[in-house]
Amino acid sequence: MTTLRGYNKRIMVTGGAGFLGSHLCERLLARGCEVLCIDNYFTGSRENIAHLLDDRRFEVIRHDVTFPLYVEVDEIYNLACPASPVHYQHDPVQTTKTSVHGAINVLGLAKRLNARILQASTSEVYGDPSVHPQPEEYWGNVNPIGPRACYDEGKRCAETLFFDYHRQHRLSIKVVRIFNTYGPRMHPNDGRVVSNFIMQALRGEPITIYGDGSQTRSFCYVDDLIEGFIRFMDTAPEHTGPLNLGNPGEFTMLELAEKILRLTGSSSTLVHRELPQDDPKQRRPDITRAKALLDWEPRVPLDDGLERTIAYFRKRFFA
Ligand SMILES: NC(=O)c1ccc[n+]([C@@H]2O[C@H](COP(=O)([O-])OP(=O)(O)OC[C@H]3O[C@@H](n4cnc5c(N)ncnc54)[C@H](O)[C@@H]3O)[C@@H](O)[C@H]2O)c1
């Protein structure tokens, strides 16, 4: 992909060595872009991007986004932030700083460069929703002082900053609210349900179900999500979002556990544990806007995505 000035578009991806970031870097390189990956390796890893390092158009800088960065790029995808409760609750102050100071720093850079910028926001901005499924107009139901607030409120404040930079400085912004996404290169110990269940099944350990397992989640395969990111970034400047991206298919935790047991061939049993504080009972995206704007909807069925993810976990951790 080339710019008006005739060279390959230079794209910065913060959090580029993480789960989603590494898939995004891969896709952007495949499109012909130059990619600058920024990461402090808090939850990301060099292994996630090792296969990209031989590409001359790929560069990596070890950097913490809570500090300013001066580089020259045409577009920015801001993904840097730990995404799972075990990781974001490890150092909650740093989590809020990563979202808020990180947003200020990348927005400042985008303003200086007049670069278009996409924010990886989250369905967590809806908190424990009283509206189901959640459309973008819903303002959410977040506990501002609970243990998840460092992440939820950090991401909400980042959205505020993006929209104020847009209104005040006419910056071209794109805000995506990502719903549960899974796939190869997820962190094996992040406590998120898909990686948890797969690791437990492959180890032959009991599968941990919080509560009675009737709470539901939706699961989007990573390739579908990245396709949505790229299509959204390419839309006209008036399309700022926020835009929900996720898979509206809804499954209970018990259904997910059964699928993973079947696909791994594991004989693990199920054990029930108490629900964590502020755990949402249900979460499902309303993707009407994304369908209309991007002509996009998830294509990969849960069973296929789980098979690919299980194959990755087997090869990486059990070969
Ligand atoms: N995966 C999902 O289901 C999901 C859902 C909603 C939102 N998101 C958002 O998408 C983004 C990527 O999530 P992911 O699932 O790939 O998680 P991840 O933890 O694999 O990726 C986050 C990356 O950011 C890096 N990072 C963290 N703090 C940093 C800092 N201060 N400076 C520089 N780099 C830093 C980490 O090292 C990691 O590589 C996050 O912003 C997350 O909030 C993800």
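Use the structure listed above.
Because the structure is a prediction, the values reported are computed rather than measured.

So, how was this worked out
Residues numbered from 1 in each chain as written. Predicted model: local features only at pLDDT ≥ 70, side-chain atom pairs only at ≥ 80, totals over all residues. Heavy atoms only, no water. Core = buried A, V, L, I, M, F, W, Y, C linked by side-chain atoms within 4.5 Å. Buried < 20%, exposed > 50% of the residue type's maximum accessible area, 1.4 Å probe, protein only. Contact = heavy atoms within 4.5 Å. Near = heavy atom within 4 Å. Polar contact = N/O pair within 3.5 Å; in protein donor to acceptor, adjacent residues only side chain to side chain. Helix = DSSP H or I, 4+ residues; strand = E, 2+ residues; numbered from the N terminus. Phe/Tyr/Trp six-rings, centres within 6.5 Å; stacked < 30°, edge-to-face > 60°. Salt bridge = Lys/Arg side-chain N within 4 Å of Asp/Glu carboxyl O.

Re the nonpolar core
Residues Leu 24, Leu 28, Tyr 77, Val 194, Phe 229, Leu 245 and Leu 256 are the most contacted members of the largest nonpolar core, which totals 60 residues. Among all residues touching Leu 28, those that are not within four sequence positions of it are Ile 11, Val 13, Cys 33, Val 35, Tyr 77 and Ile 230. In this structure, Val 65, Val 71, Ala 115 and Ala 158 belong to the second largest nonpolar core, which totals 26 residues.

So, the site of the ligand
Inspection of the region around the ligand gives 30 residues, with Asp 39, Thr 43, Tyr 151, Lys 155 and Thr 181 positioned closest. The backbone of Phe 19 places a nitrogen or oxygen atom 2.8 Å from an oxygen atom of the ligand. At 2.8 Å from an oxygen atom of the ligand is found a main-chain nitrogen or oxygen belonging to Leu 20. Among the elements of the structure, helix H1 (19-30), helix H4 (92-113), strand S5 (116-122) and helix H5 (149-169) are those that each provide at least two residues to the shell around the ligand.

Focus: the packing of aromatic side chains
As enumerated under the stated definition, the model contains nine aromatic pairs in all. An angle of 35° between the planes, with centres 5.8 Å apart, marks the rings of Phe 313 and Phe 317 as tilted. With Phe 313 and Phe 317 both in helix H10 (residues 302-318) and four residues apart, the pair spans about one turn of that helix. For Phe 313, a relative accessible area of 0% gives the class buried. The exposure class assigned to Phe 317 is partly exposed, which follows from its relative accessible area of 31%. Connected via pairs of aromatic rings, a cluster forms that spans Tyr 126, Tyr 138 and Phe 179.

Observations regarding the pattern of salt bridges
Counted according to the given criterion, the structure contains 20 salt bridges. Residues Asp 74 and Arg 10 are paired through a salt bridge, measuring 3.3 Å at the closest nitrogen-oxygen approach. One end of the pair, Asp 74, is in the loop between strand S3 (58-62) and strand S4 (75-78); the other, Arg 10, is in strand S1 (residues 10-14), and 64 residues separate them in sequence. Residue Arg 192 is joined to Asp 190 by a salt bridge in which the shortest nitrogen-to-oxygen separation is 2.9 Å. Arg 192 sits in the partly exposed class, given a relative accessible area of 23%. For Asp 190, a relative accessible area of 2% corresponds to the buried category. Connected through shared salt-bridge partners, Arg 27, Glu 227 and Arg 231 make up one network.

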